[in-house]
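Overview (structure and organization)
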Amino acid sequence: MTKTSIQLKLNGISRRADVEPNDVLIDVLRDKLGVKSPKVGCDRGDCGTCTVFLNGRTVRSCLVLAIEADGGEVVTLEGISKDGPTKLQKSFVDRSSFQCGFCAPGMVLAATELLQNNPHPVREEIQEAIAGNLCRCTGYSPIIEAIEAAAKK
Amino acid sequence: MPIATDFEYHKPKDLSEATGLLSRYQGRAQLLAGGTDLIVWLKEGMKTPEAVIDIKGIPELWHLDVKNDTLSIGARVTFTELIESGLVKERFPALWEASRTVASCGVRNRATLVGNLCSAVPSLDGAPALLVYDACVHTRGPVEERKIPLSEWFTGPKRTALLPDELVTAVELPLPKKKSAGCYVKLGRYRGEDLAQVGLAVLAEEGNLWKLAFCAVGPIAKRAEKIEALLKSKKLSEALIAKAKTLVVKEISPITDIRASSEYRLHMAQVMLERGLKTAAARLAGKGPAYGVSVL
């Protein structure tokens, strides 16, 4: 198998990584590029903990080959909060929306994408936007309320 | 979980390069668009290709436009792009409605409609709406192009009419000639991300013409032709709906699996038929729930 050197913009910084064709993006982000916010949960696209922005859209980084990101742009939680927590993140903190926090990076990115595309979502739209991000602690209510509150600000 | 299979990765820049690669690998290559099925299958060892051919570098597969009264959806077009298309929402609202029910936002941002048709799992949400709009699948091989009606596309669960050296370039839908309205009714175990237990698309056309297609209740998604024949040219009434419901058992062959029992699927398919017919009829009359609102 051929090792390929890929180049991508990761959280605004140009990075290189040597990957094999069957390397998956989540593993390369965590193990080779040192970005630890995306988590490996179900590892099959169902739980949303591995969510990252790839070329402007949230994707399941467990379902992307690293080589597909060559020449692309990846933004993780670390990238959206470079200048401190965003309004949305503060809203989560204010309501103690998370307990264990394992789903939080994916949840924050899913909600960030929603508010980018739709600054004033109704409750159903919030629920749909995070439907693919599983939380086993909270029952979702404090998460939905935080997104609603951030959208109202 | 790492992918155990070693494979080469190719990203062709045009169709002839892609078909050249397909010919070279003789069925031992897998095509990659969104990857939301393929990467899972690679991880689980269900697919062990020698090569993965990423079609996202082929500009001819990116289009979503109308030519000659036909909507053409390129193989690289994602469900999110369909949902965001005013053209799809206006002219093919049942497809728009179905696209919104596929998996989750993060999956729809990558998953493609054509990929859905190529994966050909029985529960594919993409198929029923395409079937009622009389969609055609366009393929390209090393020597010829083919145009395959979607009704002849699925040959079994996860099996299609695609040949090993072909790729799908687009799926095409003729613009409805008559005034029409539709709906996609999806039954899942809960609201939010789930595979369909039963999926039903209904298209009502002016003049009491009906088109119906089910998924997840048989080995392949298909039209309900017996029910369509019964309803043809008749005004919808409670008695007619009741009669149509008795035909559901002849149209579908649901199995019992982790998501639902056969009996539950059969029962709900009848409930969904009634609500689907009424919803499509109401929408055709300019009433009924807005597109995107679940009727279950």
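The rules behind the values
Along each chain, the written sequence defines residue order, and numbers are assigned to residues from 1. Ligands are numbered from 1 and chains lettered from A, in the order in which they are written. In keeping with the predicted nature of the model, local features appear solely for residues at pLDDT of at least 70, side-chain atom pairs appear and are counted solely at 80 or more, and the whole-chain, interface and lining totals rest on all residues. Only DSSP runs of H or I reaching four residues or more are called helices, and only runs of E reaching two or more are called strands; each is numbered from the N terminus. C-alpha atoms define the radius of gyration, and 2.2 Å times the number of residues to the power 0.38 defines the globule rule. Any residue surrounded by 20 or more other C-beta atoms within 10 Å of its C-beta is treated as buried, while 12 or fewer makes it exposed and the intermediate range makes it partly exposed; C-beta atoms here are placed from the backbone. The source of the domain bounds is an automatic or database domain assignment. Residues are scored as being in contact if the C-beta atoms we place from backbone atoms lie within 7 Å. The residue classification treats Ala, Val, Leu, Ile, Met, Phe, Trp, Tyr, Cys and Pro as nonpolar and Asp, Glu, Lys and Arg as charged. All others, Gly included, are polar. The directions considered for the arc run from the helix axis to the C-beta atoms. Axes, fitted as lines to C-alpha atoms, cover a helix only where it is in contact. Angles between the N-to-C directions of the axes lie from 0 to 180 degrees. Crossing handedness is defined as follows: a turn of the near helix away from the far one that is anticlockwise and smaller than a right angle gives a left-handed crossing, while the clockwise case is right-handed. Whether two strands pair comes down to DSSP finding at least two bridges between them. Per-residue confidence from the predictor is given as pLDDT, running between 0 and 100. For this classification, under 35 degrees means roughly parallel, over 145 means roughly antiparallel, 65 to 115 means roughly perpendicular, and everything else is oblique. Given a helix with a known number of residues, its expected span is that number minus one, times 1.5 Å.

Further remarks concern the overall build of chain B. Scanning chain B for helices and strands turns up 11 helices and 14 strands. In terms of overall size, chain B behaves like a compact globule, its C-alpha atoms giving a radius of gyration of 19 Å where 296 residues would be expected to give roughly 19 Å. For chain B, the spread of C-alpha atoms along the three principal axes comes to 60 × 45 × 30 Å. Out of the 296 residues belonging to chain B, those deemed buried represent 51%.

Here the focus is the domain arrangement of chain B. Size of an interface, as often reported, equals the accessible area lost when the parts are brought together. Domain assignment breaks chain B into domain 1 (8–57), domain 2 (61–174) and domain 3 (180–284). Taking only C-alpha atoms into account, the centre of domain 1 of chain B sits 35 Å from that of domain 3 of chain B.

Another point: the domain arrangement of chain A. All names here are of chain A. Along its sequence, chain A is carved into domain 1 (4–78) and domain 2 (87–152). On a C-alpha basis, the centres of domain 1 and domain 2 stand 22 Å from each other. Domain 1 puts 12 residues into the contact, and the matching count from domain 2 is 11 residues. Tallied by class, residues from the side of domain 1 that touches domain 2 come to 6 nonpolar, 5 polar and 1 charged.

The subject of this paragraph is helix H1 (residues 15–25) of chain B. Residue and element names in this part refer to chain B. Those residues of H1 lying buried are Ala18, Thr19 and Leu22. Angular distribution of buried residues about the axis of H1 spans 95 degrees; they occupy a single face of the element. Where H1 is buried, its residues touch strand E2 (29–32), strand E3 (51–54), strand E6 (136–140) and strand E10 (167–174). Following H1 by one or two positions, glutamine 26 has its phi on the positive side, about 50 degrees.

Residue and element names in this part refer to chain B. One can describe the packing of helix H10 (residues 238–251) onto helix H11 (residues 262–284) by two numbers: an axis separation of 9 Å at closest approach and a directional angle of 145 degrees. In the packing of H10 onto H11, the handedness of the crossing is right-handed. Of the residues in H11, those touching H10 at Ile241, Ala244, Lys245, Val248 and Val249 are Leu266, Ala269, Gln270, Leu273, Glu274 and Leu277. Looking at the contact of H10 with H11, its residues break down into 8 nonpolar, 1 polar and 2 charged.

As a general point, the strands of a sheet are linked pairwise by backbone hydrogen bonds and lie either parallel or antiparallel. Residue and element names in this part refer to chain B. Pairing is parallel across the open sheet formed by 3 strands, whose spatial order is E1-E3-E2. Looking at strand neighbours, the two that pair on one side only are strand E1 (8–10) and E2, the edges of this open sheet. Here the strands of the sheet are splayed against their neighbours by 20 degrees on average, with no regard to which way each runs. In this sheet, E3 lies alongside E2 in parallel orientation, the contact comprising 4 bridges. Paired with leucine 32 across the two strands is aspartate 54, which belongs to E3. Across the sheet, H1 touches E1, E2 and E3, and the angle it forms with E3 is around 165 degrees.

Moving on: the confidence of the model for chain B. Chain-level pLDDT for chain B is 97 on average; 100% of the residues reach the 70-or-more range. Reported confidences for the modelled complex are a pTM of 0.97 and an ipTM of 0.97.

What follows covers the pairing of strand E4 (residues 64–67) of chain B. Residue and element names in this part refer to chain B. Pairing analysis gives 4 bridges linking E4 to strand E5 (residues 70–74), with the strands arranged antiparallel. Within E5, the residue paired with lysine 67 across the bridge is threonine 70. Linking E4 to E5, which pair antiparallel, is a turn of 2 residues; within it asparagine 68 sits at a positive phi near 50 degrees.

Let us now look at the packing of helix H3 (residues 87–94) of chain A against helix H4 (residues 104–117) of chain A. Residues and elements named next belong to chain A. Their axes nearest at 10 Å, the elements H3 and H4 cross at an angle of 130 degrees. The orientation of H3 relative to H4 falls into the category oblique. Crossing handedness for the pair H3 and H4: right-handed. Between H3, through Leu88, Gln89 and Phe92, and H4, the contact on the second element is made entirely by Val108, Ala111, Thr112 and Leu115. Classifying every residue of the contact of H3 with H4 gives 5 nonpolar, 2 polar and no charged.

The interface of chain A with chain B comprises 24 residues on the first partner and 25 residues on the second. Tallied by class, the residues present in the side of chain A that touches chain B amount to 11 nonpolar, 7 polar and 6 charged.

This part is about the sheet that holds strand E14 (residues 222–223) of chain B. Residues and elements named next belong to chain B. Spatially, E11-E12-E13-E14 is the arrangement adopted by the 4 strands of the open sheet, whose pairing is antiparallel. Sheet topology places strand E11 (180–187) and E14 at the edges, where each strand pairs with a single neighbour. Strand direction decides the pairing type here: strand E12 (residues 198–205) and strand E13 (residues 209–215), joined by 7 bridges, are antiparallel. Within E13, the residue paired with alanine 201 across the bridge is alanine 213.

Here we come to the pairing of E12 of chain B. All names here are of chain B. Of all 8 residues that make up E12, 7 are buried, and the element is covered over most of its length. By the bridge criterion, 8 bridges tie E11 to E12 in an arrangement that is antiparallel. Residue pairing in the sheet places lysine 186 in a bridge with glycine 199 of E12. The turn joining E12 and E13, which pair antiparallel and follow one another in sequence, is formed by 3 residues; a positive phi near 95 degrees is taken by glycine 207.

This part covers unusual backbone geometry. Although it is not a glycine, alanine 103 of chain B adopts a positive phi angle of roughly 40 degrees. Mapped onto the elements of the fold, alanine 103 of chain B is located in the loop between helix H5 (93–99) and helix H6 (105–108).

What follows covers helix H6 (residues 141–152) of chain A. All names here are of chain A. Taking 1.5 Å of rise per residue, the 12 residues of H6 would be expected to cover 16 Å, and the 17 Å separating its terminal C-alpha atoms lies within 8% of that figure. All buried positions along H6 are accounted for by Ile143, Ala146, Ile147, Ala150 and Ala151. Down the axis of H6, the smallest arc covering the buried residues is 135 degrees, so these residues share one side. In this structure, H6 carries Ser141 and Lys152 as exposed residues pointing more than 90 degrees from its buried face.

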